[in-house]
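Coordinates in review
Below, each chain spelled out in residue letters.
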Amino acid sequence: MKQITLPVRFGIAISGSLIAYFLILSLLGQHTNIFFSLFNGVITGFGIYEAIRYRRIEAPETFTYGSGFTTGIVTGFIATLIFTLFFTLYCTEINRAFMVQISEAWFTSFRSFEGILFFTVAIMGFATTLVFTLSFMQLFKASNNLKKKTA
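All of the points below concern the structure found in this document. (Residues numbered from 1 in each chain as written. Predicted model: local features only at pLDDT ≥ 70, side-chain atom pairs only at ≥ 80, totals over all residues. Heavy atoms only, no water.)

Scanning the protein chain for helices and strands turns up 5 helices and 0 strands. Mapped from its N terminus to its C terminus, the protein chain presents α and β elements in the order α-α-α-α-α. Put simply, the protein chain has 151 residues, and 38% of those count as buried. Contacts in the protein chain between residues far apart in sequence, at least 24 positions, make up 80% of those at least 6 positions apart. For the protein chain, the exposed area adds up to about 9700 Å²; of that, 67% sits on carbon and sulfur atoms. (Helix = DSSP H or I, 4+ residues; strand = E, 2+ residues; numbered from the N terminus. Buried < 20%, exposed > 50% of the residue type's maximum accessible area, 1.4 Å probe, protein only. Contact = heavy atoms within 4.5 Å. Areas by Shrake-Rupley, 256 points an atom, 1.4 Å probe, with all protein chains shown as cover.)

See below:
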């Protein structure tokens, strides 16, 4: 149970940050501009990095590539699922005009746009999680290189 609490905690923190960022953009009227979603990668990347780093600090003697990778993946997937659920709720219940605004701005030929949008948000989150986890594990993994002997 202790192995899962860290990724859940960080996943909730990341999703809270993503939701807050989206709501701030919504207040400023910029939530329909897709280019602002690039900062979601910064938020997610920072959270995954910190989760893996904290796992390594927490138990350095038992930290392996597998435990760090699992921490990063679970953290990002939880954050993605929570944010996708919020995004679905926001689009269908809170601001129904958002779907019309974004479809007029970016996609004009789709009839079933809702499902495509929610699927895209989820896939972007999962892909970001995988890429950042693989990247950060290159920083945190133990080296297998032999040390040079000094003469």
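Counting 25 residues, the largest nonpolar core has F22, I52, F83, F87, C91 and F98 as its most contacted members. For this core, the secondary structure elements donating two or more residues are α1 (2-28), α2 (38-58), α3 (65-94), α4 (97-106) and α5 (113-140). Look past the residues within four positions of F83 in its chain and what remains in contact with it is S15, L18, I19, F22 and V121. (Core = buried A, V, L, I, M, F, W, Y, C linked by side-chain atoms within 4.5 Å.)

Okay, the layout of surface pockets next. For the largest pocket, the calculated volume is near 650 Å³. Along its surface, the largest pocket is lined by 31 residues, and S37, N40, F83, V121 and M124 are the ones closest to its centre. Elements with a contribution of two residues or more to the lining of the largest pocket: α1, α2, α3, α4 and α5. For the lining of the largest pocket, the element with the highest residue contribution is α5, accounting for 8 residues. In terms of residue class, the lining of the largest pocket is built from 20 nonpolar, 11 polar and no charged. (1 Å grid on protein atoms, 1.4 Å probe; cavity = no way out; pocket = protein on both sides within 12 Å on 5 of 7 lines; lining within 4 Å. Points joined across faces, edges and corners; volume = space filled by probe spheres on them. Nonpolar A, V, L, I, M, F, W, Y, C, P; charged D, E, K, R; others polar.)

For the rest of this paragraph, the subject is the environment of C91. Relative to the helices and strands, C91 is located in helix α3. Given a relative accessible area of 2%, C91 falls into the buried group. Put simply, C91 and F118 are 27 residues apart on the chain and 9.3 Å apart in space, counted from C-alpha to C-alpha. Not counting residues up to four positions away in its chain, the partners in contact with C91 are R96, F98, M99, L117 and F118.

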